[in-house]
Amino acid sequence: MTASSQFRLAAGMLTLLLAAAARPTHAEDQQPQQEQTCTLQAGPTRSVVRVIDAETVLLDDNEEVRLIGALAPRSPDLKPDAAPWPPEEAAAAALRDLVVGHSVELASSGRTQDRYGHLLAHLFLQENGERVWVQGRLLSTGHARAYGLPESFACARELLAHERVAREAQSGLWANAAYATRSAREGGKLLRYRNSYQIVEGSVLRVKTTKSRAYLDFGPDWRTDFSTGVDAKVLHANPDWAKTLEGLQGRRVEVRGWIEYRNGPYIAVEDPSQLAVIEDGAHPPPSAPGDPCSAASARTFSRASRRTSENARRKSSRASISR
């Protein structure tokens, strides 16, 4: 196979690898089931020279790679003299122990660079004869949270599945109150987390669709209460999922993303993976957390037995919006 080979991994395969899969409660469980795939484009193999921060590494060809899909913890204190942030230090140490001095295979999907010129890639390496998906390892050990960027949501379900392992065990950053799930009812408090990545939980009071987007309101006053919106281009790209949004009214959901100010606190949903239904107070499990690390072996997998912050951070250009 050449470097242009594609990796395809059916997300359903992961379910077959789980001893006990949790009941699916993702919003997409309400739509007709379709084959879900995790597709990555094969890239070069390089050596990691240095860990720049908890989600960025320097390669032997002097390229800097940002680990797309695994958002490392950052200190809430942005002052120059701020003390080191233990979750961030722990994440950087875990990444350093895993990759420095090792050869890694790069794989990508969609966008290949962020606005700073960093490569956006998934990394894979060999450890004790096993292929390791670096993002999956960081997520399942609680050193990162799953996220995506526009055009870079490949493997979102698999990323969320690995995150869930650590989240359920309350390991790593999940044991820290700074990464707790926020309540949608506390609109004023949510604004304190403006421009930060948060997970917000609450009941959908109202769903409204306009020409430009669909809105999910979590309080009676959309001008001040928390809400989330799905742009028309996202709705058009996911028509079956878009049809399920009206059915979310009155249901308890979890939404993840960067808090913006649009009238009140607001999260822009760029991909269906950012929105999940919660049943019986349980966190929404995505597909089963198998190990899709073999996705980067530059082959097409047909056997289930094979183991497997940027634009979203942007500030709203307007202090308010109309509907």
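Because the structure is a prediction, the values reported are computed rather than measured.

S.K.: Explain the packing of aromatic side chains to me, please; I cannot follow it from the model alone.
M.R.: On inspection of all chains with the given rule, the structure shows five aromatic pairs. Measuring from centroid to centroid gives 4.7 Å for Tyr197 and Trp258, while their planes differ by 70°, and the two rings are edge-to-face. With Tyr197 in strand β11 (residues 197–203) and Trp258 in strand β15 (residues 252–262), this pair connects stretches of sequence that are 61 residues apart. Overall, Tyr197 belongs to the buried group, its relative accessible area being 5%.

S.K.: Whenever I open this one, the nonpolar core confuses me. Can you help?
M.R.: Most often, soluble globular proteins keep nonpolar side chains buried together rather than apart. Ranked by size, the top nonpolar core spans 31 residues in total, and within it Val57, Val65, Leu95, Val99, Leu106, Leu123 and Val134 carry the most contacts. Here Leu95 is in contact with Val51, Asp53, Ala54, Glu55, Thr56, Val57, Leu67, Val100, Val134 and Leu138, once residues within four sequence places are set aside.

S.K.: Even after reading the chapter, I still don't get the environment of Glu55, so can you show me in this structure?
M.R.: Its place among the elements puts Glu55 in the loop between β2 (37–53) and β3 (56–59). Taking relative accessible area as the criterion, Glu55 reaches 3% and is therefore assigned buried. Glu55 sits 15 residues away from Ala70 along the chain, and the two C-alpha atoms are 7.2 Å apart.

S.K.: Where do I start with the confidence of the model for the protein in this structure?
M.R.: In regions of low pLDDT, the predicted coordinates are not meant to be interpreted in detail. The predicted model of the protein averages 81 in pLDDT, with 75% of residues at 70 or higher. Taken as a whole, residues 1–36 scores under 50 in pLDDT and shows 104 contacts with residues more than four places along the chain or in a different chain.

S.K.: What exactly am I supposed to notice about the environment of His122 here?
M.R.: Topologically, His122 is positioned in strand β7 (residues 119–127). With 15 residues separating them in the primary sequence, His122 and Ala107 have C-alpha atoms 5.1 Å apart. Excluding residues within four positions of it along the chain, His122 makes contact with Leu40, Ile68, Glu105, Leu106, Ala107, Trp133, Gln135, Ala154 and Leu159. Side-chain polar atoms of His122 contact the side chain of Trp133, separated by 3.3 Å.

Rules behind the numbers
All residue numbers refer to positions counted from 1 along the written sequence of the respective chain. Local features in this predicted model are restricted to residues of pLDDT 70 or higher, and side-chain atom pairs are both shown and tallied only at a pLDDT of 80 or more, whereas totals for entire chains, interfaces and linings draw on every residue. Hydrogens and water molecules were not included; the side-chain quantities draw on all heavy atoms of the structure. Planes of paired rings set the category: under 30 degrees apart is stacked, over 60 is edge-to-face and the rest tilted, where pairs are Phe, Tyr or Trp rings (Trp by its six-membered ring) whose centres lie within 6.5 Å. Only DSSP runs of H or I covering at least 4 residues are called helices, and only runs of E covering at least 2 are called strands; the numbering of each starts at the N terminus. Here the term buried applies to any residue with accessible area under 20% of the maximum for its type, exposed to any over 50%, and partly exposed to those in between, with areas from a 1.4 Å probe on protein chains only. Here, nonpolar core refers to any group of buried Ala, Val, Leu, Ile, Met, Phe, Trp, Tyr and Cys residues whose side-chain atoms link them within 4.5 Å. Throughout, a contact is declared for two residues whenever any of their heavy atoms are within 4.5 Å. Per-residue confidence from the predictor is given as pLDDT, running between 0 and 100. Distance and chemistry together define a polar contact, namely a pair of N or O atoms within 3.5 Å, with one atom able to donate a hydrogen and the other to accept it when in protein, and with adjacent residues in sequence counting only for side-chain atoms on both sides.

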